[in-house]
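# Breakdown of the fold
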Amino acid sequence: MTEPDRLAEVRSQIDAIDRRIVALLAERQQWVLRAGSLKTDEAAVRAPARVEQVIAKVRSLASEAGASPEVVESAYRALISAYVSLELDAHRGAASRSENPELLLQRALSSADQGDALVATSELSQLLEITSALPLRLRAASALGELLIASARAAEAEIVLAAAVTAADGAEELDDVDQAELERVIELLNRVR
């Protein structure tokens, strides 16, 4: 094997690891956003004592794994800083969005269109928790169902979609737009069952 071939193989392995790391970062982001939704103010979001606790923990894990504690610390400080910014944005917008569910839906759909499925999933889940308006619930359930299906989370999609169908079944009358959205939800539900 020539040196360029060996280098290509090494790069291929690094690319495979990067895919796994990004998937784990996406999962971590989801939990960070969920934790952020439980915090009461920006000081709780920043939580410098918690940051230092995490840094100490990952430095120890790095030593155990044979990684450079300095590299891991540097990476985690950048990671935490980025997540704190994301969490602050979500925290600052939560109050205004909770008063305007339509705005939250538009923001979630925009996030989905821009390829940020994790933020869209979080915002759509939040919308389903705060609104009882059936038209918004159907649109949010449809969009969330599609995102969950695309993320190979069919069981979660089934729960969301089934709840929307149940809510619609209890409605006395649906207009044409709501009926079309309900049909889309049922179509998605049938796909995951």
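Our subject in this report is the structure included herewith.

Parameters and conventions
Counting of residues starts from 1 at the beginning of each chain's written sequence and follows it residue by residue. With the structure being a predicted model, the display of local features is reserved for residues of pLDDT at least 70 and the display and counting of side-chain atom pairs for 80 or more, all residues being used for whole-chain, interface and lining totals. Note: side-chain values were computed over all heavy atoms of the structure, leaving out hydrogens and water. Labels follow the DSSP assignment, with helices taken as runs of H or I lasting at least four residues and strands as runs of E lasting at least two, numbered in each case from the N terminus. By definition here, a helix of n residues has an expected span of 1.5 Å times n minus one. Remark: exposure states derive from per-residue accessible area (1.4 Å probe, protein chains only) relative to the maximum for the residue type, with buried under 20%, exposed over 50%, and partly exposed in between. Candidates for patches are residues over 30% relative accessible area with no salt bridge; among them, like charges are joined within 9 Å and nonpolar side chains (Val, Leu, Ile, Met, Phe, Trp, Tyr) within 5 Å. Using a 1.4 Å probe, accessible areas were evaluated by the Shrake-Rupley method; residue-level cover was limited to the displayed protein chains. Think of a salt bridge as a Lys or Arg side-chain nitrogen and an Asp or Glu carboxyl oxygen that are within 4 Å of each other.

On to helix α6 (residues 117-130), then. Its 14 residues place the ends of α6 20 Å apart at the C-alpha level, agreeing with the 20 Å of an ideal helix rising 1.5 Å per residue. Of the positions making up α6, those classed as buried are Leu118, Val119, Ala120, Thr121, Glu123, Leu124, Leu127 and Leu128.

Turning next to helix α1 (residues 3-37). With 35 residues, α1 should cover 51 Å at 1.5 Å per step; its first-to-last C-alpha distance of 50 Å lies within 8% of that length. Residues of α1 that are buried include every one of Gln29, Gln30, Val32, Leu33 and Gly36, and no others.

Another aspect to go through is a nonpolar patch on the surface. Taken together, Ile17, Ile21, Val22 and Leu25 make up a surface patch of nonpolar side chains, about 310 Å² in accessible area. With respect to the helices and strands, the residue Ile21 is situated in helix α1. For Ile21, a relative accessible area of 41% gives the class partly exposed.

The next point concerns the pattern of salt bridges. Tallied over the entire structure, the rule returns 11 salt bridges. In this structure, the salt-bridge partner of Glu123 is Arg107, at a minimum N-O distance of 2.7 Å. Of this pair, Glu123 sits in helix α6 while Arg107 is found in helix α5 (residues 101-113), placing the two residues 16 residues apart along the sequence. You can call Glu123 buried: its relative accessible area is 4%. Among the residues examined, Arg107 registers a relative accessible area of 36% and is labelled partly exposed. What you see here is one network of salt bridges that share partners, running through Glu52, Arg59, Glu70, Glu73 and Arg77.

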